[in-house]
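Examining the three-dimensional arrangement
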Amino acid sequence: MENKRELKVSAIDNGTVIDHIPQGAVLRVMKILNLEDFTDQIYFGANLESKKYGKKGIIKVSGRFFKPEEINKISLVAPTATVIEIRNYEVVNKLQVDIPDEVVGFVKCFNPKCITNHEKMTTYFSVIDKEDLKLHCHYCEKNTKKENIIFI
Amino acid sequence: MKNRSLVSINDYSKEEMLHILELAKAFEANPRQKILKDFVIASLFFEPSTRTRLSFESAINQLGGRVIGFSDSSSSSTSKGESLRDTIQTVSLYSDLIVMRHPLEGSARFASEIAPVPIINAGDGANQHPTQCLLDMYSIMKTQGTLDNLDIAFVGDLKFGRTVHSLVIALSLFKNTNFHLVSPVELKLPSSIKKFIVDAGLKYHQYTDIQEVINKVDILYMTRIQRERFSDAMEYERVKNSYVLKADMLSNTKEKLKILHPLPRVNEITEDVDSNKKAYYFQQAKNGVFVREALLASILGVI
């Protein structure tokens, strides 16, 4: 039933719905997924009522499907998000985002003296705390905490 | 260990560390052997160093190897804006192994991933300095006869001192190490390093006064406290003299106590300590040559 209700509002025939985005993270999710430059229809809502989370955000993108590695990028800001793929108004796939063990190439190391902030190279972190989100830089060996995460 | 880079002390297992210390002992007995005569070793110091660079170059020379490189980035193409990637790729073409020091953290790990030849990290910013750690371990082993069951005091700047961090991590691998951490409140050992002690089931004790601990330890590892580390200049002025070691403080210390310091010292050990038989920091610097001979020979696969 809920799916039908969503479809009435968003009316996308093909595309992706990202639901259960934590309050305040909608714009960041759009930025991480490069949706700012996307030219097809996008609907998004913030501070919507959610039984499970109190307040939530939602993004509906028409004509766009995401690869698992793109989805995992948003897990760092929206660990509770659900990603729903829609084809011909039908839900064909629904998945929960998953915080990866490694974060490669899309987060900046917070340490200004880290080599990754000075050379043209790919950043590389291991996730050492999934609950509190702490990333350990493979290069400078410093930890970047949740509040210091900046996306490249 | 042949052809493997040494970037961080964590790259070696306890057995591998002990193997290097054994080899270093053999090199101390016989430091001049021409076993590297067919090798060219690059020594790239992007920032200045006295002991590390010269002891590496002395070790290479004593083993008959050839050294190429620079001792200051202003005499390299780095000053023209060349990337580290390009410098390392180029130097790899001219040498069999690269010893490097660089002010940026993680630079040695990055170099080890792009160079076809092994890299030895001689210090990457405030991050790692594994050869210093191994020579500290060698000095402890040599003077105490063991790396187990020791009471070790670390004194001074335990927050930013990379040599302290590496040595604490390495000594956490040994039996019953008892860590005594003496520092101003602002410069306490970070909890990420204390975690290694706790995870190993070992104990640490924290103090702000060196007198509380000096008479009960086997090793006193002194470090320099830098004024710029303090957010409050008054606080620096208040504490600076409490971390200065003077000869008269040694009268009731253990017979086998040895005082270590990674050097350079500024004023944290007064000169009157130098002639005391418990002062060991200059021998410690000398031990660096034997440990570096052991590493070069082992990584180049000649022993």
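Treat the numbers as computed from the prediction; the structure is a model and nothing was measured.

What counts, and where the lines are drawn
Residues numbered from 1 in each chain as written. Chains lettered and ligands numbered in written order. Predicted model: local features only at pLDDT ≥ 70, side-chain atom pairs only at ≥ 80, totals over all residues. Heavy atoms only, no water. Helix = DSSP H or I, 4+ residues; strand = E, 2+ residues; numbered from the N terminus. Buried < 20%, exposed > 50% of the residue type's maximum accessible area, 1.4 Å probe, protein only. Contact = heavy atoms within 4.5 Å. Areas by Shrake-Rupley, 256 points an atom, 1.4 Å probe, with all protein chains shown as cover. Lys, Arg positive; Asp, Glu negative; His and termini not counted. Charge placed at Lys NZ, Arg CZ, Asp CG, Glu CD. Pairing = 2+ DSSP bridges. Axes fitted to C-alpha atoms, helices over the stretch in contact; angles between N-to-C directions. Salt bridge = Lys/Arg side-chain N within 4 Å of Asp/Glu carboxyl O. Core = buried A, V, L, I, M, F, W, Y, C linked by side-chain atoms within 4.5 Å. Domains from an automatic or database assignment. Phe/Tyr/Trp six-rings, centres within 6.5 Å; stacked < 30°, edge-to-face > 60°. Lys NZ or Arg CZ within 6 Å of the ring centre and 35° of its normal. Buried area = accessible area lost by both parts, 1.4 Å probe.

Quick look at the overall build of chain A
Scanning chain A from N- to C-terminus turns up three helices and 11 strands. N-terminal to C-terminal, the α/β element order of chain A is α-β-α-β-β-α-β-β-β-β-β-β-β-β. A principal-axis box enclosing the C-alpha atoms of chain A has dimensions of 50 × 30 × 20 Å. The buried share among the 152 residues of chain A stands at 42%. A sequence separation of at least 24 residues applies to 54% of the contacts in chain A between residues at least 6 apart. With an accessible surface of roughly 8800 Å², chain A has 49% of that area assigned to carbon and sulfur atoms. Side chains of chain A carry 23 positive and 21 negative charges; the gap between the two charge centres is 3 Å.

Considering the sheet that holds strand 5 (residues 90–96) of chain A
Residue and element names in this part refer to chain A. Taken in spatial order, the five strands of this open sheet run 2-3-1-4-5, and their pairing is antiparallel. Unpaired on one side and paired on the other, strand 2 (42–50) and strand 5 mark the two borders of the sheet. Averaged over neighbouring strand pairs, the angle between their axes works out to 20° when direction is ignored. Sheet topology note: the strand 4 (residues 82–87)/strand 5 ladder contains six bridges and is antiparallel. Bridge pairing in strand 5 links Arg87 to Glu90.

So, the pattern of salt bridges
Where charged atoms from two side chains of opposite charge come close, those side chains can pair. Residue and element names in this part refer to chain B. Under the criterion given, the structure shown has 17 salt bridges over all chains. The salt bridge involving Glu57 is made with Arg53; its shortest N-O contact spans 3.4 Å. Pair noted here: Glu57 and Arg53 are both in helix 2 (residues 51–62), with a separation of four residues, about one helical turn. By the burial criterion, Glu57 is buried, and Arg53 matches it. In this structure, the salt-bridge partner of Asp199 is Lys195, at a minimum N-O distance of 2.9 Å. Within this pair, Asp199 and its partner Lys195 are both found in helix 7 (residues 191–199), separated by four residues, close to a single helical turn.

A closer look at the nonpolar core
All names here are of chain B. Judged by nonpolar contacts, the single largest core of 58 residues is most densely connected at Leu134, Met137, Ile140, Phe154, Leu171 and Leu296. Among the elements that line this core, the one with the most residues is helix 9 (residues 281–299), at eight residues. Per-domain counts for this core show at least three residues from each of domain 1 (9–127 + 287–299) and domain 2 (130–285). Counting residues in each nonpolar core, the second largest holds 33 residues, with Leu44, Phe46, Ile88 and Ile114 among its members.

Describing the packing of aromatic side chains
All names here are of chain A. Across all of its chains, the model carries seven aromatic pairs over all chains by this definition. A centroid spacing of 6.2 Å and a plane angle of 5° characterise the contact between Phe106 and Phe151, whose relative ring orientation is stacked. Within this pair, whereas Phe106 is found in the loop between strand 6 (102–104) and strand 7 (107–108), its partner Phe151 is found in strand 11 (residues 150–151), the two being separated by 45 residues in sequence. We classify Phe151 as partly exposed; its relative accessible area is 21%. One residue, Arg87, lies across the ring of Phe65, its end atom 3.8 Å from the ring centre.

Overview of the interface of chain A and chain B
Many analyses report the size of an interface as the accessible area lost when the parts associate. With 13 residues of chain A in contact, the opposing surface of chain B contributes 17 residues. Overall, the association of chain A and chain B removes approximately 1200 Å² of surface from exposure, summing both partners, and the carbon and sulfur fraction of that is 45%. Where chain A touches chain B, the interface holds one salt bridge. In this structure, Lys142 of chain A and Glu105 of chain B form a salt bridge, with 3.6 Å as the shortest nitrogen-oxygen distance.

Some remarks on the domain arrangement of chain B
Residue and element names in this part refer to chain B. Its domain assignment divides chain B into domain 1 (9–127 + 287–299) and domain 2 (130–285). Computed over C-alpha atoms only, the centres of domain 1 and domain 2 are separated by 26 Å. Across the boundary between the two partners, domain 1 contributes 27 residues, which contact 25 residues of domain 2. Summed over both sides, the interface between domain 1 and domain 2 buries roughly 2200 Å², with carbon and sulfur atoms accounting for 62% of that surface. In terms of surface lost to domain 2, no three residues of domain 1 exceed Ile9, Arg51 and Asn287, which account for 30% of the buried area on that side. Where domain 1 touches domain 2, the interface holds one salt bridge. We note a salt bridge from Glu28 to Lys142, for which the minimum N-O separation is 2.7 Å.

Here we look at the domain arrangement of chain A
Residues and elements named next belong to chain A. Once the domains are mapped, chain A shows domain 1 (14–96) and domain 2 (102–151). A separation of 24 Å is found between the C-alpha centroids of domain 1 and domain 2. Listed as interface residues are four residues of domain 1 and, on the opposing side, five residues of domain 2. Between domain 1 and domain 2, roughly 480 Å² of surface is buried when both sides are summed, and carbon and sulfur atoms account for 91% of that area. Between the two partners, domain 1 and domain 2, sit zero salt bridges.

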